[in-house]
Amino acid sequence: MTAKQELKKSIIASVWFMFLTFPIMVIKVNTVTHTIDWRWHNMALVGIGSFFLSMLWRYLLKKKEEGGKKEKKAGLSFIQRLLQEKQFALPGIVIISIITILFPHIFSMYQTNIMTSALIFVVLGLGLNIVIGLAGLLVLGYAAFFAVGAYSYALLNLHYGVGFWVALPIGGILAAFFGILLGYPVLRLRGDYLAIVTLGFGEIIRLVLENWNEFSFGPSGIKNIPKPGFLGIEMSMQTTTIYVFYIVVLLVVFTIFVINRLKNSRIGRAWTALKDDEIASQAMGIDKAKTKLRAFALGATWAGMAGVVFASKTTFINPASFTLWESVIILCTVVLGGMGSIAGVIAGALLLILLPEYMRDFGEFRMITFGAVLILMMIFRPGGMIEDVRKTYKFEK
Amino acid sequence: MDFEYFTQLFFGGLTRGSIYALIALGYTMVYGIIELINFAHGEIYMIGAFTGLIISTVLTMMGMPAIAVMVLAGMAAIIYSCAYGYTMEKIAYKPLRNAPRLSVLISAIGMSLFLQNYVLLAQTSDFLPFPSLVPEFEFWEPYSHILTSPELMILSTTVVVMILLTILIKFTKIGKAMRATSQDKMMAALLGINVDQVISATFVVGSATAAIGGVLIASHIGQINFYMGFIAGIKAFVAAVLGGIGSIPGAVLGALVLGWTESFFTGYISSDYEDVFAFIFLVVILIFRPSGILGRSQIQKV
């Protein structure tokens, strides 16, 4: 294609987008004072921006098509190879554990707190990864399980004085129970129905928490949730923060361990098979209902436990912490990082939670970027940042 | 039981149902063609309402008569929604035509998120008052305590749109192509139908009905905000599933049933859980009759 044609296409795209965004980007009406604000500079921005972006877009699409034609076994990326190498495994683990152990002592309490939140999202991402990445079920109401965990700790503590360590498994089990409860009716559904039903489920939980004042104290939430204790020792503010950080780190390690074991187990392989072809795997004797329910239950368990930790970390919860946005953010971490890939999800969660935290000025553009990231990742890199490497078995003659 | 209250609820439900029907049509048509739930459909509806508001305010300030404002703003809303629907399909769906369903679904969610926040950033996060575009009809005066003029407008527009849509699908060339594509995409392509064009056309038509719904409901309720597409979209989806997704008469029927049940539920029982109700309704349908009222149950072939 000649440069002239390219230019023409870009100009058409630019004019089209200027037309498209005209009412919403340019005109801003004030219905109270009845004045109109004409923001022509936005139109110029859109025009110039879409001119170059459309060029980039077409270039990337072309490259993708060419890449698709080539043999796909072009090789693993640098990070993937690094993760595969056995000789780096031990030093890597040692370095990472030293960094995590020292982290709260080197950095301030503020940094530790942010890191703790990010790690909670790592657990959530890994949990959702079971459902989406391994079993291929798109769940959009994952924050609901998170809420179940958080509220079960808060309410059990309020009414019966249950401590953190008891609540942790209870929160997980309750969330798993909800997972099965939700999973049961929707098992027969195809992916897109599942997405909407789970989205609806997430909204139901949130609306119930908001409206049922006697049970959940409505939108005002629950205050003064105790932080986790350690054999009844009194701890200062700072020690507790560090302590919570270590608990979350342990939870992350435990999650990674379990998921890693699950992935190549019988049940993990059953999930992958179901994801690839439902009918074929059923013909191979996989119980579809049971396998999917397990994915739901296990995925929800991690969300529940993360919820308990979250409640104890913030000491205050209300329904506003468990909206659809949380579900979408968790989904983004999984998609961006790489569905099914543990290292990818961890990287994705850290990136998506830490980046906005340190770039506060950028905050209002956060959600729009997430939306764009979801689309672009699906088109250009469906495997995510660090693509999952499937275990392959070679047949040697 | 008070009869007048009952009729009010009945017509309230009918109006509500007609709006759901206008949005549900877009879902069901797109699903019929590419077997995919267009997650961003509710956002198209929201953009339609916003465009309607902006254009009508500008025109009113320029001193146009009310009836011209209504027609022009409505047309602008339809044109822009169609343009957004078309562009959306080109960006978020077309490159993924042969990708796994999960990818398309995630990309659609991304689109929905993007459009919502685009309007939020470019306009406002507050509720905007929407002018009542529909004037009070004089001839309707004696009945207005049961059914207000805007409600009458909604009902009649819905009926007209349904008739036009039926004609479009049954008797025009593009409608024929749509039906052929929805039956068998590959065969349609072999017979010389430009499948990409048909898919675009479906998105455009669906967006147009959504825009009509958006402007009508906004002028009826009197306020809009960037989040309005979400709940409306979900409810329209419930309606489409209830009627049998992929079936056009089914979408209308499902929407009316949902409108009435919601109206009577909030009128006689409680309005706190209005939105929860639709979701529970959805789950119940999916358990007992996943193919909907008019839908055929699908047999999966290997």
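Criteria and thresholds
- Residues numbered from 1 in each chain as written.
- Chains lettered and ligands numbered in written order.
- Predicted model: local features only at pLDDT ≥ 70, side-chain atom pairs only at ≥ 80, totals over all residues.
- Heavy atoms only, no water.
- Helix = DSSP H or I, 4+ residues; strand = E, 2+ residues; numbered from the N terminus.
- Buried < 20%, exposed > 50% of the residue type's maximum accessible area, 1.4 Å probe, protein only.
- Areas by Shrake-Rupley, 256 points an atom, 1.4 Å probe, with all protein chains shown as cover.
- Domains from an automatic or database assignment.
- Patch = residues over 30% accessible without salt bridge, like charges linked within 9 Å, V, L, I, M, F, W, Y side chains within 5 Å.
- Salt bridge = Lys/Arg side-chain N within 4 Å of Asp/Glu carboxyl O.
- Lys, Arg positive; Asp, Glu negative; His and termini not counted.
- Charge placed at Lys NZ, Arg CZ, Asp CG, Glu CD.
- Contact = heavy atoms within 4.5 Å.
- Buried area = accessible area lost by both parts, 1.4 Å probe.
- Polar contact = N/O pair within 3.5 Å; in protein donor to acceptor, adjacent residues only side chain to side chain.
- Nonpolar A, V, L, I, M, F, W, Y, C, P; charged D, E, K, R; others polar.

K.L.:
Before we go on, may I ask you to explain the overall build of chain A in this structure?
P.N.:
The helix and strand tally for chain A stands at 17 helices and two strands. Looking at the 397 residues of chain A, the share that counts as buried comes to 49%. Surface accessibility of chain A: about 20500 Å² in total, with carbon and sulfur atoms responsible for 67%.

K.L.:
Sorry if this is basic, but what is going on with the domain arrangement of chain A here?
P.N.:
Quoted interface sizes are often the accessible area lost when the parts come together. Split by domain assignment, chain A resolves into domain 1 (3–69) and domain 2 (78–380). Inter-centroid distance (C-alpha atoms) of domain 1 of chain A to domain 2 of chain A is 37 Å.

K.L.:
Just checking my understanding: could you explain a positive patch on the surface for this structure?
P.N.:
All names here are of chain A. A grouping of Arg-266, Arg-269, Lys-290 and Arg-294 is seen on the molecular surface, where their side chains present a positively charged patch. Taken together, the elements giving at least two residues each to the positive patch come down to helix H12 (266–276) and helix H14 (288–314). You can see Arg-294 is positioned in helix H14. What makes Arg-294 partly exposed here is its relative accessible area of 40%.

K.L.:
Which parts of the structure should I look at to understand the interface of chain A and chain B?
P.N.:
Counting from both sides, the interface comprises 60 residues of chain A and, opposite them, 65 residues of chain B. Counting the surface lost from both chain A and chain B, the interface buries some 5700 Å², and carbon and sulfur atoms represent 78% of this. Where chain A touches chain B, the interface holds zero salt bridges. Taken together, chain A and chain B are joined by three residue pairs in polar contact (both at pLDDT 80 or more). Sorting the residues of the side of chain A that touches chain B by element identifies helix H1 (3–20), helix H2 (22–26), strand S1 (27–30), strand S2 (35–38), helix H3 (40–69), helix H9 (191–211), helix H15 (324–337) and helix H17 (366–380) of chain A as the ones contributing at least two each. Among the elements that take part in the side of chain A that touches chain B, H9 of chain A stands out by supplying 13 residues, more than any other. A class-by-class count of the residues in the side of chain A that touches chain B yields 44 nonpolar, eight polar and eight charged.

K.L.:
It is not clear to me how the environment of Tyr-84 of chain B should be interpreted in this structure. Could you clarify?
P.N.:
Counting through the fold element by element, Tyr-84 of chain B comes out in helix H3 (residues 66–93). Taking the relative accessible area as the measure of exposure, Tyr-84 of chain B reaches 6% and is therefore buried. Linking Tyr-84 of chain B and Val-134 of chain B, residues 50 residues apart in sequence, is a C-alpha distance of 25 Å. Every residue in contact with Tyr-84 of chain B, bar those within four places of it in the chain, is listed here: Leu-20, Thr-21 and Ile-24 of chain A together with Ile-44, Ile-47, Leu-115 and Tyr-118 of chain B.

K.L.:
For this particular structure, what's the right way to read the side chain of Thr-15 of chain B?
P.N.:
All names here are of chain B. With respect to the helices and strands, the residue Thr-15 is situated in helix H1 (residues 3–34). Looking at Thr-15, the relative accessible area reads 3%, which means it is buried. Among all residues touching Thr-15, those that are not within four sequence positions of it are Leu-147, Glu-151, Ile-154 and Leu-155.

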